[in-house]
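What the coordinates show
Letter by letter, the chains look like this.
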Amino acid sequence: MRTYKVELRHAPSKNKLNASRGNRMPPLTARLESDETAIVWAREQLIGLCRRKHGHHYQYVEASIFELYPLGTPGQDDNRRLGRWVINPDGLNWRPKAA
């Protein structure tokens, strides 16, 4: 089993995402079997957030997915980014990490 983290953020637009304060929800973690399972889990978390929250500040919402590595793993960062789910006026989109 691997440990995954989802970071949820929201803003009126993609351009304002990094400039907005207080737009980051507490991170969620789960122990899951695979990357594919984590991607589905993150999608469910993002959709759940959008069902509960509405308004101008939720026009652009993203869920970034990371695999967390065990402490002391040699030669690696603390985590590996898989990609992110985005909900915007165009709908729900998966954006994998750039190669």
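An account of the accompanying structure is given in this report.

Thresholds applied
- Residues numbered from 1 in each chain as written.
- Predicted model: local features only at pLDDT ≥ 70, side-chain atom pairs only at ≥ 80, totals over all residues.
- Heavy atoms only, no water.
- Pairing = 2+ DSSP bridges.
- Helix = DSSP H or I, 4+ residues; strand = E, 2+ residues; numbered from the N terminus.
- Axes fitted to C-alpha atoms, helices over the stretch in contact; angles between N-to-C directions.
- Phe/Tyr/Trp six-rings, centres within 6.5 Å; stacked < 30°, edge-to-face > 60°.
- Buried < 20%, exposed > 50% of the residue type's maximum accessible area, 1.4 Å probe, protein only.
- Lys NZ or Arg CZ within 6 Å of the ring centre and 35° of its normal.

1. Some words on the sheet that holds strand β1 (residues 2–11)
Taken in spatial order, the five strands line up as β2-β1-β3-β4-β5 in an open sheet, and their pairing is antiparallel. Looking at strand neighbours, the two that pair on one side only are β2 (28–32) and β5 (91–96), the edges of this open sheet. Neighbour to neighbour, the strand axes of the sheet diverge by 20° on average, direction disregarded. Bridge analysis of β1 against β2 gives five bridges, and the strand direction is antiparallel. By the bridge assignment for β2, Val6 is matched with Leu28.

2. Examining the packing of aromatic side chains
Here the structure, examined in full by the defined rule, presents one aromatic pair. Between the aromatic rings of Trp85 and Trp94, the centroid separation amounts to 5.3 Å while the plane-to-plane angle is 55°, which identifies the pairing as tilted. For Trp85, a relative accessible area of 11% puts it in the buried group. Lying across the ring of Phe66, Lys5 places its NZ or CZ 5.2 Å from the centre.

That is the geometry; function is a separate question.
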